[in-house]
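So the chains spell out like this:
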Amino acid sequence: MVAGPGASGMPGDEITAERADAMNEAMASGAMPLEVVMNEERPMPVAPQIVTLASGEFSSRSHQTSGRALVLNDGSEQRFLRFENFRTDNGPDVNIYLSSAPFDAPARDFALDFVDLGDMKGNVGAQNYEIPLGVELDRYATVVVWCVRFSVAFGVAPLA
């Protein structure tokens, strides 16, 4: 190491002769290796673990409905309602509700206390619906395929 301007050549990076001597002595003593090689592998990201919090099979009400409803979570606060092997009739203004009414309640009860997850995305196939944060699944434990225009339940699934 040489006293004078530092490696950058920029003002303020100068090294005094005394400091250069002290640094050279420290390096020569063997207390510090000249190179420290790191060969640390990049950590593999941990894939979120998807868990099923609740599930239930659809039963037909006013229209043939079949498939499975699952509440999924990936370890975050967010939960999703997923339909698998889902099939029902198509209709006007069909929404997906989480209702506090039991799955075998009269149809009118499903629309008394519910959380609207939005329009039905399709009447056949797998689909996902975001469950708003704070929704208590102990309270809203029935999934309802609900026709808003005619106030009928196409099908329901209890979540357990």
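Residues numbered from 1 in each chain as written. Predicted model: local features only at pLDDT ≥ 70, side-chain atom pairs only at ≥ 80, totals over all residues. Heavy atoms only, no water.

1. Some details on the sheet that holds strand β4 (residues 79–88)
Thought 1: Strand order in the open sheet formed by four strands is β1-β3-β4-β7, and the pairing between neighbours is antiparallel. Looking at the sheet topology across the chains shown, the edges are occupied by β1 (51–57) and β7 (127–131). Strand after strand, the sheet turns through a mean of 20° between neighbouring axes, direction not considered.
Thought 2: For β4 and β7, the ladder comprises five bridges, and the chain directions are antiparallel. (Pairing = 2+ DSSP bridges. Helix = DSSP H or I, 4+ residues; strand = E, 2+ residues; numbered from the N terminus. Axes fitted to C-alpha atoms, helices over the stretch in contact; angles between N-to-C directions.)

2. Quick notes on the sheet that holds strand β6 (residues 114–119)
Thought 1: Strand order in the open sheet made by the five strands is β2-β9-β8-β5-β6, with antiparallel pairing throughout. Sheet topology places β2 (59–60) and β6 at the edges, where each strand pairs with a single neighbour.
Thought 2: Here two bridges tie β2 to strand β9 (residues 152–158), and the two strands are oriented antiparallel to one another. Each bridged residue has a counterpart across the sheet, and for S60 the counterpart in β9 is G155.

3. Re the pairing of β4
Thought 1: Where strand β3 (residues 65–73) lies against β4, eight bridges are found, and the strand directions are antiparallel. Residue pairing across strands places T65 opposite T88, the latter belonging to β4.
Thought 2: What sits between the antiparallel neighbours β3 and β4 is a turn of five residues, in which G75 has the positive phi angle 95°.

4. Details of the pattern of salt bridges
Thought 1: According to the stated counting rule, one finds four salt bridges in the structure shown.
Thought 2: Linking E84 and R82 is a salt bridge whose minimum nitrogen-to-oxygen distance equals 3.1 Å.
Thought 3: One salt bridge in this structure joins D113 and R139, with 2.7 Å as the shortest N-O distance. With D113 in the loop between β5 (94–99) and β6 and R139 in the loop between β7 and β8 (142–147), the pair connects residues that are 26 residues apart, well separated along the chain.
Thought 4: Looking at D113, the relative accessible area reads 22%, which means it is partly exposed. (Salt bridge = Lys/Arg side-chain N within 4 Å of Asp/Glu carboxyl O. Buried < 20%, exposed > 50% of the residue type's maximum accessible area, 1.4 Å probe, protein only.)

5. Details of the nonpolar core
Thought 1: By size, the foremost hydrophobic cluster in this structure holds 24 residues, and its most contacted members are L81, F83, I96, L98 and V143.
Thought 2: Counting eight residues, the second-largest nonpolar core is a separate cluster that includes A101, V144, A153 and V156. (Core = buried A, V, L, I, M, F, W, Y, C linked by side-chain atoms within 4.5 Å.)

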